[in-house]
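Below, each chain spelled out in residue letters.
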Amino acid sequence: MTVSGGDLREMYRRMSRIRQFEATTKELLLKGELYGAFHTSTGQEASIVGSCMALRDDDYMVGTHRSHGHPIGKGAALDGLLAELMGKETGVNQGKGGSMHLSDFSVGSLGETSIVGSGLPVAAGAALGSKLQGLDRVTLCFFGDGASNQGTFHESLNLAAIWTLPAVYVCENNGYGELTAAHKTMAVEHVSERAAGYGMPGVTVDGQDVLAVHEAVGEAVGRARRGDGPSLVETMTYRFDNHAIGIRIENYRDPAEIEHWRTQRDPLVLFRDALGERGIDGDELDVIDKEVEAELAEALEFARSSPAPPPEAAFTHLFTNPIDA
Amino acid sequence: MTVSGGDLREMYRRMSRIRQFEATTKELLLKGELYGAFHTSTGQEASIVGSCMALRDDDYMVGTHRSHGHPIGKGAALDGLLAELMGKETGVNQGKGGSMHLSDFSVGSLGETSIVGSGLPVAAGAALGSKLQGLDRVTLCFFGDGASNQGTFHESLNLAAIWTLPAVYVCENNGYGELTAAHKTMAVEHVSERAAGYGMPGVTVDGQDVLAVHEAVGEAVGRARRGDGPSLVETMTYRFDNHAIGIRIENYRDPAEIEHWRTQRDPLVLFRDALGERGIDGDELDVIDKEVEAELAEALEFARSSPAPPPEAAFTHLFTNPIDA
Amino acid sequence: MRTLTYLEALNEALVEEMERDESVFVMGEDVTWALMGSTAGLAEKFGEERVRDTPISEAGFVGAGAGAAMVGMRPVVHMLIAPFVYVAFDQLVSIVAKSTYLYGGQAKMPITLMAPMLYGRGNAAQHSDRPYPALMTIPGLKLIAPASPADAKGMLKAAIRDDDPVISFEDGGLWGQRGEVPDGDHVVPLGVADVKREGSDVTVVALAGAVTHALTAAEEVADEGISVEVVDLRSIVPLDRGTVLSSVAKTGRLVVADPAHEMGSVASEVAAIVAEEAFWDLQAPISRVTTPHTQIPYSADLERPLYPSADRIASAARQLMA
Amino acid sequence: MRTLTYLEALNEALVEEMERDESVFVMGEDVTWALMGSTAGLAEKFGEERVRDTPISEAGFVGAGAGAAMVGMRPVVHMLIAPFVYVAFDQLVSIVAKSTYLYGGQAKMPITLMAPMLYGRGNAAQHSDRPYPALMTIPGLKLIAPASPADAKGMLKAAIRDDDPVISFEDGGLWGQRGEVPDGDHVVPLGVADVKREGSDVTVVALAGAVTHALTAAEEVADEGISVEVVDLRSIVPLDRGTVLSSVAKTGRLVVADPAHEMGSVASEVAAIVAEEAFWDLQAPISRVTTPHTQIPYSADLERPLYPSADRIASAARQLMA
Ligand SMILES: Cc1ncc(C[n+]2csc(CCOP(=O)(O)OP(=O)(O)O)c2C)c(N)n1
Ligand SMILES: Cc1ncc(C[n+]2csc(CCOP(=O)(O)OP(=O)(O)O)c2C)c(N)n1
Ligand SMILES: [Mg+2]
Ligand SMILES: [Mg+2]
């Protein structure tokens, strides 16, 4: 799959957005301006952006507790995301969802859900909905290596397969579910090996190489859109931070392993190199980084100056159609 | 695997017990002497008995809503089973379980459970228990083709695999889950194809051939007992009755298909032929059939003359250790 | 007005809503075969895209219903038998009930679940549950339990049209009951209890199968000079406090009859509301007629006495008048 | 007596029971790493066979706990965070709660679940549940919610030794609380409430984190001349009706403080019991102080006021005296 120069720059921009968003929000959390269970996407940018850029704007995406990166990858503006993390009324979820649920429906981000494995059936259903509506929309579902051991993984992939649904399941295999290594929780090397049990294609790609991810997911999206059914794509990636910010247990990962991924397998660095080879040089990317920095500063300003939700807001949205009784 | 003459006769006896037990109880149900949701094992005797005879007496077995055959296969006496179907105090479950839960713990029948897929984790746990206790007991788990689409299937086989548990999962693939054909609910031909996703062996055998089942399950049991971990064995079988006795919808199965299995693939007939080739002739088997008939008549007498549980029994066994509060 | 059985009424509701709105579709185990009756003829009429048999994957297909609802469909998910909701419980709680709120109103969740309760038939502990009390504890779900053919039709139609998740509990004991069902587009609003019989001495708030027993009990004690008002709750969430409280204001005595196990039952909730808000109206203790906190046994002799009956309701009413 | 935190007390209970009985083992997500604190040091002490990290497969490992229990083990299954019980709900209901009865007493189910509740921390709707009300509706489970370090240790030990399934709900808000814990083999029997403070005007029955608030409220209104008796329920199932009813017999007024959502809460159940059995003792309406029937929002400003607090309990007590 060839990617246009514009798309390459947009990929880089989205990766930069995620990277900088996470750096800033992590800092705010450590300073006490933010709170909640806080899982960053730093290190996993290529997997997210390579996948999302294989989608159309009107395609759907379902995600996880590690929710910051996904909507950014799908094209969400940063201000509503930051305001959400601050629990403000202007947040994408009006301050009700927070760190594990940043979801911007306006860009097809259907919902990041923090119960591990709970998004997989939802994605099958969204794909079923599009199919019944006669639309050629595709639904992409992110989930982790840990989530692949949930029963919902099995049921959802099976449903998607027997009903030939336009769904693409992307396993972000970062090697760990919380503090437990993936290889201790499954007896196969790759989550993609499980695809055969559902009669669907399953591939594993380098999750730090945004173009490789884009290519593999793009193929799966094409297949889904043509009506040929779902696929499973596993991206081998790594999270640079601890499972959640603030967890003090660190000894479950070898420091050398962390060091290796951070220094040798940083998806932004790798992509800068790849872009260089394609004639997009560092200066241009630096400009993008600066633009993102400015965007983020504005978003921060927006979030900080936004009002807190009014007390009644605790009671709205329980139902779309509340009934007085 | 060679099977001794004694064991061959015992296999036939158990198959005959199941066949006759089901014929009698079905008749009683249709006459109104029994009640409840009633799923017979007729047609599936080879799969049950071939599997159970591969176990030791002190091995465990976990089963399903189609519960009549399993405990008989594992060696349970008929009187307590029949009394249970009549809701009597002398029933194996003291009249509290009934048709979907005939379980005789004295022969290692750990519990037939009627929520589809709910027994698979229990079996993993029993196997884990034996392992932690340093015992070389094996746990065999029966489940249906339909159950293989439950999340618990996935989670349980994965647990068994990563913990190298002494468990054998036997899928009784009778082609249907209630009225829905198995091929409409999965995109692979065989449930056994799913074993690879858990890094365990998976095989499919002719479920109407008791010796083939015995051999395949025997191998899996040996593997488990040696500490080499779990296996999945799929037995291709068929139920001669409707999903449950009393269901009036019949058009989901082709009459020719039913006819074919009943006349060409009856496991008792096939086994009689195989036994004949091994020099055990029909007369001897007729004697066994007669003995079983007598046993069943006695069991029926026992069940009928047994008392109903006293009203207080509704409240006992809620807890093993009730606390007055 | 025509006379329909409860099951026929459900079927009419499904047919009419599927005809009215293309976004309505039905899925569940063996729905094309109509194993549970209410989906009879739908597959023939609407095809197997809109009437869809599922694998035995309750969490999967309930969650899939939620996903379809989020993109604009109106799924009706048939649970086959009510206790199977437990298998899908997390999807119901974490996704179906919470998405609208969690995403700050971005998600709508117009999904309906049909959940027949088959107790009293020798199905033993795993198959006999009446699981609405567990679900009542989960904000974000609307729960209904229609107790007549007219309500079965009208409330199911309202549920399908509602933009929020609704779980409709059918009492299997009522499936064969015949009753008048208004012609035309008969829709019964959610959240409104129905005074099924007026009376002045004792209020019996009843639910699901207990409504019939309450009406029988009311007849029984009427001969003894006790005038019973029967309030059919119909809707569990939202719960129509107003109707309950005004009835108690009139009678001063309350029996709550609920087929659920006592602990955490709807009966307990109604009792708590009244003890809190209508205490000064009460002239006698509140009485709950429920299923005791034990399992459901297989033995018919053991099972039968456990549930609320006309006799148990009648004697509760008598005791409050003593 | 020593002083321990609530978490240290839980840890001591685990260590002591594992030392005492070889059949006790612990499993759950990241238990060897003690992500939730209470399992600290266990893996080092007892090895990874008896302290076992699980995949993220709640239904699978809860059911596996049940199977192990059925063959004679005493599993302690750590749920990481309480709402994850929903993922394993059917295994809890259909297997853990029902097997003893269903098999006519052939199966014992000595399994303990540890379920920390982490509400009030900006974890939003999916992670903040206090799910004991849903489980209270399921006969066959024993439920406890210790509210002090001494009870945390003593009741967890009792739970592990009990032959029935026990779910222990830890209120995360109490984890850091320090308190005296008796030396030696300190076991607190299940099913017994504890009068944590004596009083004569108003009974406050409180649960989990609300106990601390009730004690604070009692201090607060004592200055105003209102004497509050605080009953810490501790055990939800079985529920110690005797202690509750005698306290109400003495005070004639009842506030029930429960961090759960109001509908179907333990507060509702206690209110119903008292309205049924102690009606003639009551001098005022029963008052429930609970979390309203809405979702838990992320925003700290929105979340905080939703839960029972000392202020809310105090004003409920005042109102009953007015
Ligand atoms: C059902 C459920 N169980 C446990 C948790 C706690 N938890 C949150 S994230 C996580 C690990 C998830 O691992 P993985 O799917 O690999 O995603 P990652 O965090 O690595 O992105 C766990 C166990 C949860 N949120 N939901
Ligand atoms: C969780 C759950 N869903 C649905 C049912 C209803 N049900 C009972 S048996 C059955 C079919 C099971 O099919 P399979 O596993 O192939 O076993 P078989 O009946 O063919 O032996 C279904 C759907 C149930 N008992 N439990
Ligand atoms: Mg991971
Ligand atoms: Mg089958």
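Numbering of residues begins from 1 in every chain and follows the order in which that chain's sequence is written. Chain labels run from A onward and ligand labels from 1 onward, assigned in the order the entries are written. A pLDDT threshold of at least 70 governs which residues receive local features in this predicted model, and a stricter bar of 80 or more applies before side-chain atom pairs are shown or counted, although totals over entire chains, interfaces and linings include all residues. Side-chain descriptors were evaluated using all non-hydrogen atoms of the structure, hydrogens and water having been removed beforehand.

*Asks:* Break down the interface of chain D and chain A for me, with residues and values.
*Replies:* Between chain D and chain A, the contact holds 32 residues from the first and 40 residues from the second. Across the chain D/chain A interface, buried area totals approximately 2,700 Å², and carbon plus sulfur atoms make up 61% of it. Two parts placed together each lose some accessible area under a 1.4 Å probe, and the buried area is that loss summed for both. Of all residues in chain D, the largest losses of buried area upon contact with chain A belong to Trp 33, Ile 56 and Tyr 298 of chain D, amounting jointly to 29% of the total for that side. The salt bridge partner of Glu 48 of chain D is Lys 184 of chain A, with a shortest N-O separation of 3.3 Å. Note on definitions: a residue-residue contact is assigned when non-hydrogen atoms from the two residues lie within 4.5 Å. For this document, the term salt bridge refers to a Lys or Arg side-chain nitrogen within 4 Å of an Asp or Glu carboxyl oxygen.

*Asks:* I'd like to hear about the coordination of the magnesium ion (ligand 4), residue by residue, with values.
*Replies:* Residue and element names in this part refer to chain B. Nitrogen, oxygen and sulfur within 2.8 Å of a metal are treated as its donors, or within 3.2 Å for sodium, potassium and calcium (Na, K, Ca); water is not counted, so a site can appear incomplete. For the magnesium ion (ligand 4), the protein coordination sphere consists of Asp 145 (OD), Asn 174 (OD1) and Tyr 176 (O), at 2.1 Å. Read N to C, the donor residues that coordinate the magnesium ion (ligand 4) are spaced as D-x28-N-x1-Y. Residue Asp 145 is found in the loop between strand 3 (139-144) and helix 6 (151-162), and its partner Tyr 176 is found in strand 5 (residues 176-177); the two are separated by 31 residues along the sequence. Summarising the burial analysis for this pair, Asp 145 and Tyr 176 share the class buried. Helix and strand assignments come from DSSP, with helices taken as H or I runs of at least 4 residues and strands as E runs of at least 2, each series counted from the N terminus. Throughout, exposure labels follow a simple rule: accessible area from a 1.4 Å probe, protein chains only, divided by the maximum for the residue type, with under 20% read as buried, over 50% as exposed, and the rest as partly exposed.

*Asks:* I'd like to hear about the packing of helix 2 (residues 45-52) of chain B against helix 7 (residues 210-225) of chain B, residue by residue, with values.
*Replies:* Residues and elements named next belong to chain B. Structural elements are reduced to axes, namely lines fitted to C-alpha atoms, with helices fitted over the stretch in contact, and the angle between N-to-C directions of any two is expressed from 0 to 180 degrees. Orientation of helix 2 relative to helix 7, taken along the N-to-C sense of each, is 40°, at an axis distance of 7 Å. In terms of their interaxial angle, helix 2 and helix 7 are classed as oblique. Viewed along their axes, helix 2 and helix 7 form a crossing whose handedness is right-handed. Of the residues in helix 7, those touching helix 2 at Ala 46, Ser 47, Val 49, Gly 50 and Ser 51 are Val 210, Val 213, His 214 and Val 217. Residues are sorted three ways: Asp, Glu, Lys and Arg are charged, Ala, Val, Leu, Ile, Met, Phe, Trp, Tyr, Cys and Pro are nonpolar, and all the rest, Gly among them, are polar. Here the contact of helix 2 with helix 7 is composed, by residue class, of five nonpolar, four polar and no charged. Roughly parallel refers to an angle under 35 degrees, roughly antiparallel to one over 145, roughly perpendicular to one between 65 and 115, and oblique to any angle outside these ranges. If you view the pair so one helix is near and one far, a crossing is left-handed when the near helix is turned anticlockwise from the far one by less than a right angle, and right-handed when it is turned clockwise.

*Asks:* If you had to explain the site of ligand 1 to someone new, which residues and values would you point to?
*Replies:* The environment of ligand 1 is formed by 22 residues, the closest being His 65, Arg 66, Gly 146 and Asn 174 of chain A together with Glu 58 of chain D. In protein, a polar contact requires one atom able to donate a hydrogen and another able to accept it; more generally it is a pair of N or O atoms within 3.5 Å, and residues adjacent in sequence count only if both atoms are side-chain atoms. In the environment of ligand 1, an oxygen atom lies 2.8 Å from a nitrogen or oxygen atom belonging to the side chain of Arg 66 of chain A. At 3.4 Å from a nitrogen atom of ligand 1 is found a side-chain nitrogen or oxygen belonging to His 127 of chain D. For every accessible area listed, the method is Shrake-Rupley and the probe measures 1.4 Å; residues are considered covered only by the protein chains on display. With the chains in place, 97% of the 570 Å² that ligand 1 exposes on its own is no longer accessible. In the shell around ligand 1, the residues fall into eight nonpolar, nine polar and five charged. Throughout, near means a residue has at least one heavy atom within 4 Å of the molecule or strand.

*Asks:* Mind laying out the pattern of salt bridges, listing which residues take part and the relevant values?
*Replies:* Summed over all chains, the structure comprises 100 salt bridges over all chains. Residue Glu 276 of chain C pairs with Arg 288 of chain D through a salt bridge whose shortest N-O separation is 3.0 Å. Residue Glu 276 of chain C is located in helix 11 (residues 266-277), and its partner Arg 288 of chain D is located in strand 14 (residues 287-291); the two belong to separate chains. Of the residues examined, Glu 276 of chain C reaches a relative accessible area of 21% and is grouped as partly exposed. One salt-bridge network, held together by shared partners, links Arg 2, Glu 12, Glu 16, Glu 17, Arg 20, Lys 153, Lys 157, Arg 161, Asp 183 and Asp 185 of chain C.

*Asks:* Give me the pairing of strand 11 (residues 228-232) of chain D: which residues, what numbers.
*Replies:* All names here are of chain D. Among the five residues of strand 11, five are classified as buried, and the element is accordingly described as predominantly covered. Here strand 11 shows two buried faces, one formed by Val 228, Val 230 and Asp 232 and the other by Glu 229 and Val 231. Strand pairing is assigned whenever DSSP detects at least two bridges linking the two strands. Where strand 9 (residues 194-197) lies against strand 11, three bridges are found, and the strand directions are antiparallel. Note on strand 11: the bridge partner recorded for Arg 197 is Val 230. As paired elements, strand 10 (residues 202-206) and strand 11 share five bridges and run parallel to each other. Looking across to strand 11, one finds that Val 204 is bridged to Val 230. The β-α-β motif built from strand 10, the intervening helix 9 (residues 210-222) and the parallel element strand 11 has right-handed crossover chirality. By definition, the crossover connecting two strands over a helix is right-handed if that path, from the first strand to the second, turns clockwise as seen with the strands pointing away from the viewer.

*Asks:* How would you explain the domain arrangement of chain C if you had to name every residue and give the values?
*Replies:* All names here are of chain C. Structurally, chain C comprises domain 1 (3-180) and domain 2 (194-321). Each of domain 1 and domain 2 has a C-alpha centre, and these two points are 26 Å apart. Contact residues are listed per partner, giving 24 residues for domain 1 and 27 residues for domain 2. Both faces combined, the contact of domain 1 with domain 2 buries some 2,000 Å², and carbon together with sulfur accounts for 61% of it. Among the residues domain 1 hides against domain 2, the three largest losses belong to Arg 130, Tyr 132 and Met 136. Together they make up 29% of the total. Where domain 1 meets domain 2, there are two salt bridges. Here Asp 151 makes a salt bridge to Lys 196, at a shortest N to O gap of 3.1 Å. Secondary structure elements with two or more residues in the side of domain 1 that touches domain 2: helix 6 (124-127), helix 7 (132-136), strand 6 (142-144) and helix 8 (149-161). Its residues assigned to classes, the side of domain 1 that touches domain 2 comprises 15 nonpolar, four polar and five charged. What counts as a domain boundary in this text is fixed by an automatic or database domain assignment.

*Asks:* Before we move on, could you go through the nonpolar core and cite the residues and values that matter?
*Replies:* Only buried residues count toward a nonpolar core. Its members are Ala, Val, Leu, Ile, Met, Phe, Trp, Tyr and Cys residues joined through side-chain atoms within 4.5 Å. Ranked by size, the top nonpolar core spans 223 residues in total, and within it Tyr 169 of chain A together with Tyr 169 of chain B carry the most contacts. For Tyr 169 of chain A, the contacting residues outside a window of four places in its chain are Leu 120, Ala 123, Ala 124, Cys 141, Phe 143, Ser 156, Leu 157, Ala 160, Ser 231, Leu 232 and Val 233 of chain A. Core analysis: the second largest hydrophobic core is formed by 65 residues, Tyr 6, Val 76, Val 211 and Ile 313 of chain D among them.

*Asks:* Tell me about the interface of chain D and chain C, and please be specific about residues and values.
*Replies:* Facing the 52 residues of chain D at the interface are 52 residues of chain C. When chain D packs against chain C, close to 4,500 Å² is buried across both sides, 62% of that on carbon and sulfur atoms. Of all residues in chain D, the largest losses of buried area upon contact with chain C belong to Tyr 101, Met 263 and Gln 295 of chain D, amounting jointly to 15% of the total for that side. At the surface where chain D touches chain C, the tally comes to eight salt bridges. Split by residue class, the side of chain D that touches chain C holds 31 nonpolar, 13 polar and eight charged.

*Asks:* Hey, could you go over the coordination of the magnesium ion (ligand 3) for me, with residue numbers and the actual values?
*Replies:* All names here are of chain A. The protein atoms that coordinate the magnesium ion (ligand 3) are Asp 145 (OD), Asn 174 (OD1) and Tyr 176 (O), at distances of 2.1 Å. Ordering the donors of the magnesium ion (ligand 3) by residue number gives the pattern D-x28-N-x1-Y. A relative accessible area of 5% means that Asn 174 is categorised as buried. You can call Tyr 176 buried: its relative accessible area is 11%.

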